[in-house]
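So you can see what is in the structure, the chains are spelled out below.
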Amino acid sequence: MKRISQKTIVLMSFLLFLTTIFVIIIDILMLTNLIIVHTIGKYFTNALAAFLLVFSLYILITRYKIIKKEVVNYLSRNKFTRKMVKEYDFRTAMFSLISLSFNLCLLAYYLGFTIFNFNFWFLSLTIYYSLLFFAREITLYNLYRHPNNYLKKIKVAKTCGILLCLLPLYLYLAVRELINNNNFNFPQIHVITMAVVTFYKVIMGIYNSRKAHKTNDIVVISLRNINLAEALVSLLALEAAMFTAFNDNHNVIFERTMLVSTGLVVTTLTLFIGINMIVRTIKEKNSVIIGGNYELEDIYREREE
């Protein structure tokens, strides 16, 4: 009886979360006038969305252990999902594969902006996401082709570090273009969607990056650092879009100061992440070779490749 009760709680919580998301989306569409309703309808939807959000957070906090236990038990029935739950490195690789698909979509999105509305801002973002896509692709490809070759993983992680060090160069060009010309047209729904996705990326990027460093897995760390670099540039893109969409009385000095400050922080953090990855891979390679944890035949084969 107790188990049935727990399953019922999880099912009701899941339906509550779906309802909350649906109402919030409707509320956003009303606020951006994509759905035209009476003012009373907007107030009612706002109040309902706020209530459901608070109630959902309360249920999530108070019933977290029950929900987690039942979800884990359900996912453990299948071999693939059980591996997703139990193995952190495998779960990271799978989520990175999903991120690779989203990265490709963003790349196509900004490439379209560059073609039809050419400027260096969108061109810089296109190059930025191209480098991120390449870093993810070579990491996942080598993880698939060489799952047990640790020196190969170290080389790939070092390459990712070098690519992350190149990102600030294009980010610098993007910030310069923003300062000189921040008159791009973004629909409000586009900005609101960017805000939700960006804050999720930043929060999860910081959390997963710290968690990955505790595993000492060079591939997991590389993938999480790539996600964090993507989240940081999304923060800058969001700020520029918000200034354009919501600031009717443009204060040029204030906008430039904020964009320069945010760009400097994002550039510095991205460069720090890249340098830290390079230093880590050099130390890791030296410790593997000096410690004798790698066969000499494997080292010679790596050099020949």
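Residues numbered from 1 in each chain as written. Predicted model: local features only at pLDDT ≥ 70, side-chain atom pairs only at ≥ 80, totals over all residues. Heavy atoms only, no water.

## Quick word on the packing of aromatic side chains
Inference 1: Tallied over the entire structure, the rule returns 3 aromatic pairs.
Inference 2: Aromatic pair Phe-55 and Tyr-58: ring centres 6.5 Å apart, planes at 25°, arrangement stacked. Residue Phe-55 and its partner Tyr-58 are both found in helix α2 (residues 39–62); the two are separated by 3 residues, about one turn of the helix.
Inference 3: Aromatic pair Tyr-128 and Tyr-129: ring centres 6.2 Å apart, planes at 70°, arrangement edge-to-face.
Inference 4: Of the aromatic side chains, those joined through ring pairs into one cluster are Phe-51, Phe-55 and Tyr-58. (Phe/Tyr/Trp six-rings, centres within 6.5 Å; stacked < 30°, edge-to-face > 60°. Helix = DSSP H or I, 4+ residues; strand = E, 2+ residues; numbered from the N terminus.)

## As for a positive patch on the surface
Inference 1: Residues Lys-79, Arg-82, Lys-83 and Lys-86 make up a contiguous surface patch of positive charge.
Inference 2: Relative to the helices and strands, Arg-82 is located in helix α4 (residues 79–86).
Inference 3: Arg-82 sits in the partly exposed class, given a relative accessible area of 33%. (Patch = residues over 30% accessible without salt bridge, like charges linked within 9 Å, V, L, I, M, F, W, Y side chains within 5 Å. Areas by Shrake-Rupley, 256 points an atom, 1.4 Å probe, with all protein chains shown as cover. Salt bridge = Lys/Arg side-chain N within 4 Å of Asp/Glu carboxyl O. Lys, Arg positive; Asp, Glu negative; His and termini not counted. Charge placed at Lys NZ, Arg CZ, Asp CG, Glu CD. Buried < 20%, exposed > 50% of the residue type's maximum accessible area, 1.4 Å probe, protein only.)

## Quick look at the confidence of the model for the protein
Inference 1: In this model, the protein carries a mean pLDDT of 78, and residues with pLDDT of at least 70 account for 86%.
Inference 2: Helix α11 (residues 296–304) is the least confidently modelled element of the protein, averaging 45 in pLDDT, while α2 averages 87, the highest of any element.
Inference 3: Counting interchain partners and residues more than four positions distant, the pLDDT-below-50 stretch residues 299–305 has 10 contacts. (pLDDT = per-residue confidence, 0-100. Contact = heavy atoms within 4.5 Å.)

## Thoughts on the environment of Thr-257
Inference 1: Here Thr-257 lies in helix α10 (residues 252–290).
Inference 2: By relative accessible area, which is 43% here, Thr-257 ends up partly exposed.
Inference 3: For the pair formed by Thr-257 and Ile-179, sequence separation is 78 residues and the distance between their alpha carbons is 8.9 Å.

## Considering the environment of Ser-99
Inference 1: Structurally, the position occupied by Ser-99 is in helix α5 (residues 88–116).
Inference 2: When the C-alpha positions of Ser-99 and Arg-136 are compared, they lie 8.6 Å apart, and in sequence the two are 37 residues distant.
Inference 3: Residues contacting Ser-99, with those up to four places away along its chain left out, are Arg-136 and Asn-227.

## Considering the pattern of salt bridges
Pairing between side chains of opposite charge can happen when the charged atoms of each approach one another.
Inference 1: This structure, assessed with the given rule, holds 1 salt bridge.
Inference 2: For Arg-136, the salt bridge goes to Glu-230, with nearest N and O atoms at 2.4 Å. Pair noted here: Arg-136 is in helix α6 (residues 120–145) and Glu-230 is in helix α9 (residues 218–246), with a separation of 94 residues, a long-range link. Residues Arg-136 and Glu-230 agree in their burial class; the two are buried.

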